[in-house]
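For reference, the chains in residue letters:
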Amino acid sequence: EHVPAVTQVDITIPDSIGIRLPASGIKRDHVDFTIATDSVEGVVLPIAIHRVDPVGSFGRSTQISFSPPKAGAVSEITLRFVADMDLNVTASVTVHLGGFTAPAGNAENIGLVEVRSEEGGLKLTPLAFIPAGEEVQVTVGTSFEIKIPQSGAGHSKCCMPGGGCCIRIEADAAAGSIFAE
């Protein structure tokens, strides 16, 4: 079909084609999405699509800090993130704390979320709707008895052979899930 020059074209790819979103989500304005044409008027080489809506991503917003930041110590943990998707009361955010120790079963409402300690980490469940783009900050007190590994924690300690990643975050949300960033 002929499409005149300078004509806006909207393309919808049905899910029946079998294209699936990546499990890690799509970050805002991701530059790997490109478009190209092979037209009789001339070839247009791949160029980045200027606006890409995020799907299930924390972008680069995740932050975690410890007080005291001491290996082997029970520590208060502060987590900050901004989800690029809505989080409703059926969503959950899981923080995997590989190598950390803590008793499972502690629970407390902290700010916008219920925080529950589980084996290997924390599960956060929104108490009310949290719109995309809203910062969430949660400080889990020492009453949760979370102990930093004797080997420490941080970028240089993550993804050690045999130890898995020390700290990872993932979300299960109707508006876009994120798996282990």
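Preceding block: the structure.
Presented here is a report on the structure given in the accompanying data block.

Conventions used here
Residues numbered from 1 in each chain as written. Predicted model: local features only at pLDDT ≥ 70, side-chain atom pairs only at ≥ 80, totals over all residues. Heavy atoms only, no water. Helix = DSSP H or I, 4+ residues; strand = E, 2+ residues; numbered from the N terminus. Buried < 20%, exposed > 50% of the residue type's maximum accessible area, 1.4 Å probe, protein only. Contact = heavy atoms within 4.5 Å. Areas by Shrake-Rupley, 256 points an atom, 1.4 Å probe, with all protein chains shown as cover. Patch = residues over 30% accessible without salt bridge, like charges linked within 9 Å, V, L, I, M, F, W, Y side chains within 5 Å. Salt bridge = Lys/Arg side-chain N within 4 Å of Asp/Glu carboxyl O. Pairing = 2+ DSSP bridges. Axes fitted to C-alpha atoms, helices over the stretch in contact; angles between N-to-C directions. 1 Å grid on protein atoms, 1.4 Å probe; cavity = no way out; pocket = protein on both sides within 12 Å on 5 of 7 lines; lining within 4 Å. Points joined across faces, edges and corners; volume = space filled by probe spheres on them. Nonpolar A, V, L, I, M, F, W, Y, C, P; charged D, E, K, R; others polar. Core = buried A, V, L, I, M, F, W, Y, C linked by side-chain atoms within 4.5 Å.

1. Quick notes on the overall build of the protein chain
Here's step 1: Of regular secondary structure, the protein chain possesses zero helices and ten strands.
Here's step 2: Going from N to C terminus, the protein chain has its helices and strands arranged as β-β-β-β-β-β-β-β-β-β.
Here's step 3: Per-residue burial over the protein chain gives 28% buried out of 181 residues.
Here's step 4: Look at the contacts in the protein chain between residues 6 or more apart in sequence, and 63% of them connect residues 24 or more apart.
Here's step 5: Roughly 11400 Å² of accessible area belongs to the protein chain as shown, and the carbon and sulfur atoms make up 54% of that amount.

2. Regarding a nonpolar patch on the surface
Here's step 1: On the surface, Val3, Val9, Ile11, Ile13, Ile17, Ile19, Phe33, Ile35, Ile47 and Ile49 cluster together into a nonpolar patch covering about 930 Å² of accessible area.
Here's step 2: With respect to the element layout, Val9 can be found in the segment before β1 (34-39).

3. Re the sheet that holds strand β9 (residues 135-140)
Here's step 1: If you trace the three strands from one edge of the open sheet to the other, you get β3-β4-β9, paired in antiparallel fashion. Each edge of the sheet is formed by a strand with only one pairing partner; in this case those strands are β3 (63-67) and β9. In this sheet, neighbouring strand axes are inclined to one another by 10° on average, regardless of whether the strands run parallel or antiparallel.

4. Topic: the pattern of salt bridges
Here's step 1: Applying the stated criterion across every chain, the model contains one salt bridge.
Here's step 2: With a shortest N-O distance of 3.1 Å, Glu114 and Arg116 are connected by a salt bridge.
Here's step 3: The class of Glu114 is partly exposed, set by a relative accessible area of 22%.
Here's step 4: Looking at Arg116, the relative accessible area reads 32%, which means it is partly exposed.

5. Things to note about the sheet that holds strand β5 (residues 92-97)
Here's step 1: Taken together, the five strands give an open sheet; going across it, the order is β6-β7-β8-β5-β10, and neighbouring strands pair in antiparallel fashion. Every other strand in the sheet has two partners, leaving β6 (107-110) and β10 (167-172) as the edge strands with one partner each. Neighbour-to-neighbour, the strand axes of the sheet open up by a mean angle of 20°, direction not taken into account.
Here's step 2: With four bridges connecting them, β6 and strand β7 (residues 113-118) associate as antiparallel partners. Counted as the bridge partner of Ile110 is Val113 from β7.

6. Some remarks on empty space enclosed by the protein
Rolled over the atoms, a probe as big as a water molecule pinpoints where empty space is left.
Here's step 1: For the structure shown, the criterion picks out one cavity of 30 Å³ or more.
Here's step 2: Here the largest cavity is characterised by a volume of approximately 50 Å³.
Here's step 3: As for the largest cavity, its lining consists of Ile64, Ile77, Leu79, Val95, Leu97, Leu122, Leu124, Val138 and Val140.
Here's step 4: Within the residue set of the lining of the largest cavity, elements represented by two or more residues are β4 (76-82), β5, β8 (121-126) and β9.
Here's step 5: In terms of residue class, the lining of the largest cavity is built from nine nonpolar, no polar and no charged.

7. Overview of unusual backbone geometry
Note on backbone geometry: most residues besides glycine have negative phi, and most peptide bonds are trans.
Here's step 1: Residues Ser67 and Pro68 are joined by a peptide bond in cis, for which omega reads 0°.
Here's step 2: By the secondary structure assignment, Pro68 is in the loop between β3 and β4.
Here's step 3: Within the chain, Val6 stands out as a residue other than glycine whose phi angle is a positive 60°.
Here's step 4: Here Val6 lies in the segment before β1.
Here's step 5: Exposure remark for Val6: the relative accessible area of 89% places this residue in the exposed category.

8. Description of the nonpolar core
Here's step 1: Ranked by size, the top nonpolar core spans 28 residues in total, and within it Phe81, Leu87, Val115, Leu122 and Leu124 carry the most contacts.
Here's step 2: Of all the elements in the fold, those that place two or more residues in this core are β4, β5, β7, β8, β9 and β10.
Here's step 3: Discounting chain neighbours no more than four positions away, the residues touching Val115 are Asn106, Ala107, Glu108, Ile110, Leu122, Lys123, Leu124, Val138, Val140 and Phe144.

9. Topic: the side chain of Thr94
Here's step 1: Mapped onto the elements of the fold, Thr94 is located in strand β5.
Here's step 2: Setting aside anything within four residues of it in sequence, one finds Thr94 in contact with Leu122, Lys123, Arg168, Ile169 and Glu170.

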